[in-house]
Amino acid sequence: DGSSIHVRLDMTDQQIALVLQQDIVQAYSCFLNKLLDEYAWAIQIKENTTVNNIALSPPIQLGAPIYGTSNPTFTDFVMPGIIVLISFGMSIGLTALAVLTEQKQGLMERSWAAGVSVGEVLLGLITTQVIVLLGQALLMLLLAVLAFQVALEGSVVLVFIIVILQGLGGMTYGLVISAFCHDENTAIQLALGSFYPVMLLSGVIWPIEGMPVWLQYISKALPNTFAASALRDVMLRGKAKYGAKYG
């Protein structure tokens, strides 16, 4: 009996795992062909009809995955990124529209006249958005786990922390948009125009390892890339970035 190669993969990233499986088998086939050509065994094998075909089969055995299941789905990979995108995108739109609406209706001027400070206005806006974010995170998490059967291996607290931090980042971007726009239509167009490139390049739909090298640098500079990776680590791998295991 010959030796065998035991392989255990991270199956939480379906595309990468399938490519690795294919590359491992192809690498062994190339190695075997070069070996046969070098020692001229091909002629001997053709003449010897008693050769065991099992000896020529790839000695590769796929063991239990390190993370994920043996039959991963695209939903498992994309769902954490979708949660991050929704929390980020909704925060952009709600913040920009809220500020512009208050400016258009004169509520900002009334607040300044009443002695309300800028910090108090921002505190009220942040408090409102955090409450909305908590509701969104709870609803999205319930849909992901109960409806789409996505695994939740890590801490729920970490999931909410990542979602809230990403929502605060979206609020910041929404405030920037409201500072440059004077009406709601312009703000919506600017928000949507900048949101879709972020969605496509953040590694949510396709892993960043499959992008060109120069595009990976752009992807890593976007606000959702590492947030989606962190949430994927917590939900599917049950760990944080520093490797701690959460039950």
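Here the structure is a predicted model, which means the values were calculated and not measured.

## Some details on the nonpolar core
Okay, step 1: Of all hydrophobic cores here, the largest spans 18 residues; its most connected members are I83, V150, V159, L231 and M235.
Okay, step 2: Looking at this core, the elements that each hand over two or more residues are α3 (74–105), α5 (118–147), α6 (156–180) and α9 (225–237).
Okay, step 3: In terms of residues, this core owes the most to one element, α9, which gives six residues.
Okay, step 4: Those residues within four positions of V150 in sequence are excluded, and the remaining contacts are T75, D76, M79, A144, V145, M235 and L236.
Okay, step 5: If you look at the next biggest cluster of nonpolar residues, it comprises 13 residues, including L85, I92, I177 and C181.

## Description of the packing of aromatic side chains
Okay, step 1: Enumeration according to the criterion identifies two aromatic pairs in this entry.
Okay, step 2: Each ring, one from F74 and one from F77, has its centre 6.5 Å from the other, and the planes form 40°; the classification is tilted. With F74 and F77 both in helix α3 and three residues apart, this pair spans about one turn of that helix.
Okay, step 3: Under the relative-accessibility criterion, F77 is labelled buried at 1%.
Okay, step 4: For the ring pair F195 and Y196, a centre distance of 5.9 Å and an interplane angle of 70° mean the geometry is edge-to-face.
Okay, step 5: You can call F195 buried: its relative accessible area is 16%.
Okay, step 6: Over the face of the ring belonging to F77 we find R232, whose NZ or CZ atom lies 4.2 Å from the ring centre.

## Comments concerning the packing of α3 against helix α7 (residues 184–201)
Okay, step 1: Where α3 meets α7, the axes come as close as 10 Å, and the angle between the chain directions of the two elements is 165°. Relative to α7, the element α3 is oriented roughly antiparallel. Crossing of α3 against α7: the hand is right-handed. Each of L85, F88, G89, I92, A96, L97, L100, T101 and K104 in α3 lies in contact with α7, whose residues at this interface are E184, A187, I188, A191, F195 and M199.
Okay, step 2: Here the residues of the contact of α3 with α7 sort into 11 nonpolar, two polar and two charged.

## A few points about the confidence of the model for the protein chain
Okay, step 1: The share of residues in the protein chain with pLDDT of 70 or more is 87%, and the mean pLDDT across the chain is 80.
Okay, step 2: Within the protein chain, the lowest mean pLDDT, 54, falls on helix α2 (residues 41–47), and the highest, 90, falls on helix α8 (residues 213–220).
Okay, step 3: Considering only residues more than four positions removed or in separate chains, one finds that residues 49–54, a stretch of pLDDT under 50, has one contact.
Okay, step 4: A low-confidence stretch, residues 241–247 stays under pLDDT 50, and its non-local contacts, those more than four residues away or across chains, total 16 contacts.

Rules used in this analysis
- Numbering of residues begins from 1 in every chain and follows the order in which that chain's sequence is written.
- Restriction of local features to residues with pLDDT of at least 70 applies here, the model being predicted, together with a cutoff of 80 or more for giving and counting side-chain atom pairs; totals for whole chains, interfaces and linings are based on all residues.
- Calculated side-chain values reflect all of the structure's heavy atoms, with hydrogen atoms and water omitted.
- What is meant by a nonpolar core is a set of buried Ala, Val, Leu, Ile, Met, Phe, Trp, Tyr and Cys residues, joined one to another through side-chain atoms within 4.5 Å.
- With a 1.4 Å probe rolled over the protein chains alone, any residue whose accessible area is under 20% of its type maximum counts as buried; one over 50% counts as exposed, and the rest are partly exposed.
- Numbering goes from the N terminus for both helices and strands, where a helix is a DSSP run of H or I of at least four residues and a strand is a run of E of at least two.
- Contacts are assigned to residue pairs with any non-hydrogen atoms lying within 4.5 Å of each other.
- Pairing of aromatic side chains here covers Phe, Tyr and the six-membered ring of Trp, requires ring centres within 6.5 Å, and sorts the geometry by plane angle: under 30 degrees stacked, over 60 edge-to-face, intermediate tilted.
- Whether a charge sits over a ring depends on NZ of Lys or CZ of Arg being within 6 Å of the ring centre and within 35 degrees of the ring normal.
- The angle between two axes is taken between their N-to-C directions and runs from 0 to 180 degrees, where each axis is a line fitted to C-alpha atoms and a helix contributes only its stretch in contact.
- Any angle between 65 and 115 degrees counts as roughly perpendicular, while under 35 counts as roughly parallel, over 145 as roughly antiparallel, and the rest as oblique.
- We call a crossing left-handed when the near helix sits turned anticlockwise from the far one by less than a right angle, and right-handed when that turn is clockwise.
- In this classification, Asp, Glu, Lys and Arg are treated as charged, Ala, Val, Leu, Ile, Met, Phe, Trp, Tyr, Cys and Pro as nonpolar, and every other residue, Gly included, as polar.
- pLDDT expresses how confident the predictor is about each individual residue, on a scale running from 0 to 100.

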